[in-house]
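Spelled out, the chains give:
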Amino acid sequence: MPKNEHPLVVRHPETDRKLLYVNPAYTDRIPRLSETESRTLLDMLFRMTAERSLLHCRVRWAPNTLVFWDNRCVQHHATYDYHSLTRYGRRVALNGGPLRG
């Protein structure tokens, strides 16, 4: 996996609202903090997003179901409750520009 650095807080390109741009799969360090401070803060943020799903969407899958979301402002978490079935996803961008810090 290539190493990249991006801002911790970015702005939504349409609403200009600030949002956290972190996830446990791709964010492993906050460069301007010590290793301990960085790990502590990231662990808290990851825990908070996993434990506090204020708004969530559960989908009842059926043939030809299509679901998509604005990944610029939604924390995606797939719950593995579809054992023996296959989950397939494809990433697309619709008129989307890069998030800015």
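Further up the page is the structure itself.
Residues numbered from 1 in each chain as written. Predicted model: local features only at pLDDT ≥ 70, side-chain atom pairs only at ≥ 80, totals over all residues. Heavy atoms only, no water.

K.L.:
Lay out a nonpolar patch on the surface in plain terms, naming residues and giving numbers.
P.N.:
Among the surface-exposed residues, Val-59, Trp-61, Val-67, Trp-69 and Val-74 lie close enough to one another that they form a single nonpolar patch of about 460 Å² accessible area. Along the polypeptide, Val-74 turns up in the segment after α1 (35-51). The class for Val-74 is partly exposed, based on a relative accessible area of 39%. (Patch = residues over 30% accessible without salt bridge, like charges linked within 9 Å, V, L, I, M, F, W, Y side chains within 5 Å. Areas by Shrake-Rupley, 256 points an atom, 1.4 Å probe, with all protein chains shown as cover. Salt bridge = Lys/Arg side-chain N within 4 Å of Asp/Glu carboxyl O. Helix = DSSP H or I, 4+ residues; strand = E, 2+ residues; numbered from the N terminus. Buried < 20%, exposed > 50% of the residue type's maximum accessible area, 1.4 Å probe, protein only.)

K.L.:
An account of unusual backbone geometry is needed here, citing residue identities and associated values.
P.N.:
Leaving glycine aside, a negative phi is the common case for residues, and trans is the common case for peptide bonds. Even without being glycine, Asp-16 reaches a positive phi, approximately 70 degrees. When you line up the elements, Asp-16 lands in the loop between β1 (9-11) and β2 (18-20). Phi is positive for Asn-64, close to 70 degrees, though the residue is something other than glycine.

K.L.:
Please give an account of the pattern of salt bridges that cites residues and values.
P.N.:
One pass over the full model with this rule turns up three salt bridges. Between Asp-43 and Arg-39 there is a salt bridge whose closest N-O contact spans 3.0 Å. With Asp-43 and Arg-39 both in helix α1, this residue pair falls four residues apart, about one helical turn.

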